[in-house]
Structures are given as structure tokens and as C-alpha cells.
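Listed here are the chains, written in short residue letters.
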Amino acid sequence: VFAGVRQAQWLTKTKLVEGLPPAVQSILDNPAHGLQEHEQRVKDAISHARFWDTTEVAPRREQFCPVLFEDLIHLCRLMSGKYPSLSKRMMARNYRIAATWERESILLQVRGLNGILMNSMAPIPPVGSKEEILATKEHTLETFHPILPTIDLQEVNVYKELNDTGFRDGYPYPHPHTVFFLESANVCPDRFRPEQLRAKMLMFAFGNALAKAKALYGNDPKVLEQPVVVQSIGTDGQLFQFMVFQLNTTDFVSSDGIKNLVWIDSDQKLYERAVCIPEIKKRVVVKPVGIYGFQPDTFKKFLALYLHGTV
């Protein structure tokens, strides 16, 4: 989706709220969770990804991005000592999602392999209040007239309207929690730009939520009594995108009525730069090897989304 988040909002009938929702912010603001205790470990994780996990002078993005992600997830898992219910989670890789919906008489489908999905035994409770959901009735979705809102979408013949969460009935971790996207291509043209990545994150958070809602409540378009919440985190190994999506309705035919909600916290750097080769001027080291501009709050947001729905 090249027009970015605005296009994804129209396709998914979604109102955007900048920043993180209060439910996640309260985890960040609560000192009892001890999010600040991890700072040294996070620095070590960045150093591991950027310096230690290689025989080369500097590892390439396709190497350091997944290494950093695995290290950060490992730090999150350590919290299950404090919060045992965190162990009721499962990571799924290479699962396939399919979700179909009709938007103003256009049949749309999200399908295929997407990011790494963390599933949980219990769903994330709704983050938008009933008042907030009702207030979305007043929100007007942006149209792209005279451009078709489906510009850049791939046209295919749909022989079967699929809605599939990617998991069999009876799977013990039935609820999608967070989808992780690693944009780890080495060369820039092969990587999604941050805006494109956020659009992809929104489409797949929506796709996972819609497939789940249809599995729970059937295919009839309606406003959901219990909204479905799916989060998404995207990173290129340095810059992070955070998203919380709430599916309030499966009625997409008209742009009126209740909308879905998405909270997006964009372009959060975990660190400014990693210097792999010392910078030397006139035989003096002006910048030794190391991580510069470490932003601990970015990891705290990563961890808060991981803890969300449990603490």
C-alpha cells in the first residue's frame, strides 16, 4: 500500500489517534513494573546485534535486525518471573492469514505470510472506551477523490472468500496479540519506508483482528459487542513503529457509523547510530566504537506493548 496510512485507514474504516493508548501509557508510567531496570541489558542487546554477532567489521541489516529483535523479545520474556501469565504466549512464524471484506462494493482481501505473530491464551481487553467508540460516528473518513482509494492494490480474481486466522480450532493460544515486522533488507529500495511499513502494519493488524472476529462472531457485518484488539510493532533494527488496533465493527460497506480505531506512535529510535569503525581525525580517535544516542524509552514502549493485556 504505497499511499500509506491514510489509504489503509480508508480501506479498513479506521480513525487514527496519534500516540499510545492510555492502557499502554499507564504501564509505561507505573514504576512498579520496573521497566527502567533493563537499560543496561538493552544496551548489551544493541551491542550484541551491531558488534559482537559477526566476524565482519559491521554486520548487515539483514543480520543485525533479527538478532536485536530476538534479544529484545528474550528480555521481555524474563518478565514472566514477575508476571507468570506472560508464559501463556506463543510465537508463530510462517503462518498464513486471510481476511476478506467488502468496502463500498469493492471486495478486498488481506492474505499471505505476514510478520511474526505472538498469540496469547487471553485476548487484549478493549483499549478504546465505549464513549470513544461511539464518538467515531462523528469522524469523517478522508476520501481520495478523484483518485481511487484502491490505487496500488494488486487486482486478483478471488475464487474463494477466505477468512482464516491461520490456526486450527482448539489451538491453545487462539488470540492474536502482537504482529512483529522486521524490515531487514540491506539495500534501501528493498525496505519499506516508515510510512509504507506503518500502512502494512495497519493492514495486517486489521486482517488478524477481522479473521478473529469472523471466527468468533460469524460473517455478518456488525458492530462488535466485544472489540478485538491486535497490536503491531515494526522495526528496521534501529527505528521502531508502535501500533494498537481496535476492531469495533465489521460493517465496511458504508463510511458512516462506528469506525475502527488505531493508535500509532511513529518513528521511535532505539539509538541514534552504531559506530562500528572508530572515527579518526589527524590520528586521534574522535569517535570510538560504540552505540550513540541510546533512547531507553523506545524499549520501554516495546516492553509495555508486550506486557499489555497481562499486567
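Before reading on, note that the structure itself is shown above.
For clarity, every value in this text was computed on a predicted model and none was experimentally measured.

Caption draft 1: Spotlight on the overall build of the protein chain. Helix and strand counts for the protein chain stand at seven helices and 13 strands. Against the compact-globule benchmark of 19 Å for 311 residues, the protein chain has a radius of gyration of 20 Å, which places it among compact chains. Each principal axis of the C-alpha distribution contributes one length, and for the protein chain these read about 70 × 45 × 35 Å. Residues classed as buried in the protein chain amount to 50% of the 311 residues present. Contacts spanning at least 24 positions in sequence make up 76% of the contacts within the protein chain whose residues lie at least 6 apart. The protein chain carries 36 positive and 34 negative side-chain charges, and their two centres are separated by 5 Å.

Caption draft 2: Examining the packing of aromatic side chains more closely. Following the criterion strictly, the structure yields eleven aromatic pairs and no others. Plain terms: the ring middles of W101 and F206 are 4.6 Å apart, the flat faces sit at 70° to each other, and that makes the pair edge-to-face. With W101 in strand β3 (residues 96–103) and F206 in helix α6 (residues 194–217), this residue pair connects regions lying 105 residues apart in the sequence. The burial state of W101 is the same as that of F206; both residues are buried. Judged by centre distance (6.0 Å) and plane angle (90°), the ring pair of F240 and F302 falls under edge-to-face. Of this pair, F240 sits in strand β8 (residues 239–249) while F302 sits in helix α7 (residues 296–307), and the two are 62 residues apart along the sequence. A single burial state applies to F240 and to F302, both of which are buried. Three or more aromatic residues joined by ring pairs make a cluster, and in this case those are F69, F180, F240, F242, F299 and F302. The residue whose ring lies beneath R103 is W10, and the NZ or CZ to ring-centre distance is 4.3 Å. Lying over the aromatic face of F192, K200 brings its terminal NZ or CZ to 4.7 Å of the ring centre.

Caption draft 3: Just α6, in detail. Compared with the 34 Å implied by 1.5 Å per residue over 24 residues, the 34 Å span of α6 between its first and last C-alpha is a close match. α6 sits mainly inside the fold: 18 of its 24 residues count as buried. After α6 finishes, the residue G218 shows a positive phi value of roughly 90°.

Caption draft 4: Expanded view of the pairing of strand β12 (residues 284–287). Bridge count for strand β11 (residues 279–281) against β12 is three bridges, and the pairing is antiparallel. Looking at the pairing, I280 lines up with V285 of β12. Counting the residues between successive antiparallel strands, the hairpin from β11 to β12 contains two residues, one of them, K282, with a positive phi of roughly 50°.

Caption draft 5: Representation of helix α1 (residues 5–12) in the model. Burial of α1 is extensive: seven of the eight residues sit out of reach of the surface. Among all positions in α1, only V5, Q7, A8, Q9, W10, L11 and T12 are buried. Backbone geometry just after α1 places K13 at a positive phi near 55°.

Caption draft 6: Spotlight on the packing of helix α4 (residues 61–77) against α7. At a minimum axis separation of 10 Å, α4 and α7 run at an interaxial angle of 60°. On the basis of the axis angle, α4 is oblique to α7. Between α4 and α7 lies a crossing whose hand is right-handed. In this structure, α4 uses F69, L72, I73, L75, C76 and R77 to contact α7, whose residues at the interface are F299, F302, L303 and Y306. Of the residues assigned to the contact of α4 with α7, the class counts are nine nonpolar, no polar and one charged.

Caption draft 7: Region of the structure containing the environment of D169. With respect to the helices and strands, D169 occurs in the loop between α5 (130–135) and β6 (175–182). Look at D169 and you get exposed, because its relative accessible area is 82%. Along the chain, D169 and L78 lie 91 residues apart, while their C-alpha atoms are 30 Å from each other.

Rules and cut-offs
- Residues numbered from 1 in each chain as written.
- Predicted model: local features only at pLDDT ≥ 70, side-chain atom pairs only at ≥ 80, totals over all residues.
- Heavy atoms only, no water.
- Helix = DSSP H or I, 4+ residues; strand = E, 2+ residues; numbered from the N terminus.
- Rg over C-alpha atoms; globule rule 2.2 N^0.38 Å.
- Buried < 20%, exposed > 50% of the residue type's maximum accessible area, 1.4 Å probe, protein only.
- Contact = heavy atoms within 4.5 Å.
- Lys, Arg positive; Asp, Glu negative; His and termini not counted.
- Charge placed at Lys NZ, Arg CZ, Asp CG, Glu CD.
- Phe/Tyr/Trp six-rings, centres within 6.5 Å; stacked < 30°, edge-to-face > 60°.
- Lys NZ or Arg CZ within 6 Å of the ring centre and 35° of its normal.
- Expected span 1.5 Å × (residues − 1).
- Pairing = 2+ DSSP bridges.
- Axes fitted to C-alpha atoms, helices over the stretch in contact; angles between N-to-C directions.
- Parallel < 35°, antiparallel > 145°, perpendicular 65-115°, else oblique.
- Left-handed = near helix turned anticlockwise from the far one by under 90°.
- Nonpolar A, V, L, I, M, F, W, Y, C, P; charged D, E, K, R; others polar.

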